[in-house]
Amino acid sequence: KQEVTQIPAALSVPEGENLVLNCSFTDSAIYNLQWFRQDPGKGLTSLLLIQSSQREQTSGRLNASLDKSSGRSTLYIAASQPGDSATYLCAVETQGGSEKLVFGKGTKLTVNP
Amino acid sequence: GAVVSQHPSRVICKSGTSVKIECRSLDFQATTMFWYRQFPKQSLMLMATSNEGSKATYEQGVEKDKFLINHASLTLSTLTVTSAHPEDSSFYICSAREGLFTGYTFGSGTRLTVV
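Here is what the cut-offs are and how they apply
- Residues numbered from 1 in each chain as written.
- Chains lettered and ligands numbered in written order.
- Predicted model: local features only at pLDDT ≥ 70, side-chain atom pairs only at ≥ 80, totals over all residues.
- Heavy atoms only, no water.
- Helix = DSSP H or I, 4+ residues; strand = E, 2+ residues; numbered from the N terminus.
- Contact = heavy atoms within 4.5 Å.
- Pairing = 2+ DSSP bridges.
- Axes fitted to C-alpha atoms, helices over the stretch in contact; angles between N-to-C directions.
- Buried < 20%, exposed > 50% of the residue type's maximum accessible area, 1.4 Å probe, protein only.
- Disulfide = S-S within 2.5 Å.
- Core = buried A, V, L, I, M, F, W, Y, C linked by side-chain atoms within 4.5 Å.
- Buried area = accessible area lost by both parts, 1.4 Å probe.
- Salt bridge = Lys/Arg side-chain N within 4 Å of Asp/Glu carboxyl O.
- Polar contact = N/O pair within 3.5 Å; in protein donor to acceptor, adjacent residues only side chain to side chain.
- Nonpolar A, V, L, I, M, F, W, Y, C, P; charged D, E, K, R; others polar.

1. Some remarks on the side chain of Ser 95 of chain B
Step number 1: Mapped onto the elements of the fold, Ser 95 of chain B is located in strand E9 (residues 90-96).
Step number 2: For Ser 95 of chain B, the contacting residues outside a window of four places in its chain are Met 33, Phe 34, Tyr 36, Tyr 104, Thr 105 and Phe 106 of chain B.

Now the structure itself:
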């Protein structure tokens, strides 16, 4: 059974800092890994999708890497801003998992002005 | 990009009544949609997979008769919480994707409060 863990559970940083969020998964047989952002009381916004054959994806100040063999992904946020404050969720789609996404519990990020 | 619309965003209902939540894919067709439930400060829990034209597939522990799912068209899935009770109060979110190699798009969620 696939399990996804995100570390840390919460992170507070001053504005302008670069930061890394971590995600690990137990079953490396995945189709893809997706990072989402969730603001309080809102739905999920997709940030980056990494297919199993890819090593990383970039969008603006965000860079996500994937090391499938070790079951790890990182989300790097450059020059953080207060508007980046949210909960970041990592989810994997496992092969043979009937298209189901398995989510981590998220990292709650607070960027202080 | 792909857009999933979910309505209503908030609903308050009395115990014993039923509530319907709609999930629409606005610019693509989705043969499969997914319904999640999220408790406060918890991650998303998959409730069921909605299949167009056939019965939904429910996760273990999810009551089929309480959470009725209908996927009558390629752009619309509905979740009906029947005979709602306060313990059904939660945040419900749906998702879908355009194709097998695209990411999942989520609706904006529905906050259900049963009083």
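2. Let's talk about the environment of Val 111 of chain A
All names here are of chain A.
Step number 1: By the secondary structure assignment, Val 111 is in strand E11 (residues 107-112).
Step number 2: Considering only alpha carbons, one finds Val 111 and Glu 56, 55 residues apart in sequence, at a separation of 24 Å.
Step number 3: Setting aside residues up to four positions removed in sequence, Val 111 forms contacts with Val 13, Pro 14, Glu 15, Ser 80, Gln 81, Pro 82, Asp 84 and Ser 85.

3. Details of the sheet that holds strand E7 (residues 67-73) of chain B
Residue and element names in this part refer to chain B.
Step number 1: Across the sheet, four strands lie side by side as E1-E3-E8-E7; this open sheet has antiparallel pairing. Two strands lie at the open edges of the sheet, namely strand E1 (4-7) and E7, each paired on one side alone. Recorded for the sheet is a direction-independent mean angle of 15° between the axes of neighbouring strands.
Step number 2: With six bridges joining them, strand E3 (residues 19-25) and strand E8 (residues 76-81) adopt antiparallel strand pairing. The partner of Glu 22 across the bridge, within E8, is Thr 78.

4. Here we look at unusual backbone geometry
Step number 1: Omega for the bond connecting Ile 7 of chain A with Pro 8 of chain A falls within 30 degrees of zero, at -5°, which places this linkage in the cis form.
Step number 2: Tracing the sequence through the fold places Pro 8 of chain A in the loop between strand E1 (4-7) and strand E2 (10-14).
Step number 3: In this model, His 7 of chain B is joined to Pro 8 of chain B through a cis peptide bond whose omega is -5°.
Step number 4: At Ala 79 of chain A, a residue that is not glycine, the phi angle is positive and equals roughly 45°.
Step number 5: Tracing the backbone shows Ala 79 of chain A in the loop between strand E8 (72-77) and strand E9 (86-94).
Step number 6: Taking relative accessible area as the criterion, Ala 79 of chain A reaches 36% and is therefore assigned partly exposed.
Step number 7: The phi angle at Ser 83 of chain B is positive, at roughly 45°, despite the residue not being glycine.
Step number 8: Looking at where Ser 83 of chain B falls in the secondary structure, it is placed in the loop between E8 and E9.

5. Regarding the state of the cysteines
Residues and elements named next belong to chain A.
Step number 1: Taken as a whole and assessed by the stated rule, the structure comprises two disulfides over all chains.
Step number 2: Here Cys 23 engages in a disulfide with Cys 90; their sulfurs sit 1.9 Å apart. Disulfide Cys 23-Cys 90: the torsion about the S-S bond is -55°, which places it as left-handed. Taken together, the residues span a long stretch of sequence, with Cys 23 in strand E3 (residues 19-25) and Cys 90 in strand E9 at a distance of 67 residues.

6. Side note on the nonpolar core
The nonpolar side chains of a soluble globular protein tend to be buried with one another.
Step number 1: With 25 residues, the main nonpolar core has Trp 35, Tyr 58, Phe 67, Ile 69, Leu 79, Tyr 92 and Leu 112 of chain B as its most contacted residues.
Step number 2: Setting aside residues up to four positions removed in sequence, Leu 79 of chain B forms contacts with Val 19, Lys 20, Ile 21, Trp 35, Phe 67, Leu 68, Ile 69 and Tyr 92 of chain B.
Step number 3: Within the second largest apolar cluster, 23 residues are counted, among which are Val 13, Leu 19, Cys 23 and Leu 62 of chain A.

7. A look at the interface of chain A and chain B
Step number 1: The partner chain B presents 19 residues to the 20 residues of chain A that form the contact.
Step number 2: Surface buried jointly by chain A and chain B totals about 1,500 Å² across both partners, of which 51% is contributed by carbon and sulfur atoms.
Step number 3: For the pair chain A and chain B, the interface holds two salt bridges.
Step number 4: Between Arg 97 of chain B and Glu 93 of chain A there is a salt bridge, with the nearest N and O atoms lying 2.8 Å from each other.
Step number 5: Connecting chain A to chain B are seven residue pairs in polar contact (both at pLDDT 80 or more).
Step number 6: Every element with two or more residues in the side of chain A that touches chain B is listed here: strand E4 (30-38), strand E5 (44-51), E9 and strand E10 (101-103) of chain A.
Step number 7: Grouping the constituent residues of the side of chain A that touches chain B by class yields six nonpolar, nine polar and five charged.

8. Topic: the sheet that holds E1 of chain A
All names here are of chain A.
Step number 1: In space, the five strands of this open sheet follow the order E1-E3-E8-E7-E6, with antiparallel pairing throughout. Of all the strands in the sheet, just E1 and strand E6 (56-59) have a single pairing partner and so form its edges. This sheet shows a mean twist of 15° between the axes of neighbouring strands, independent of strand direction.
Step number 2: Taken together, the six bridges between E3 and E8 define a ladder with antiparallel strand orientation. Note that in E8 the partner of Leu 19 across the bridge is Ile 77.

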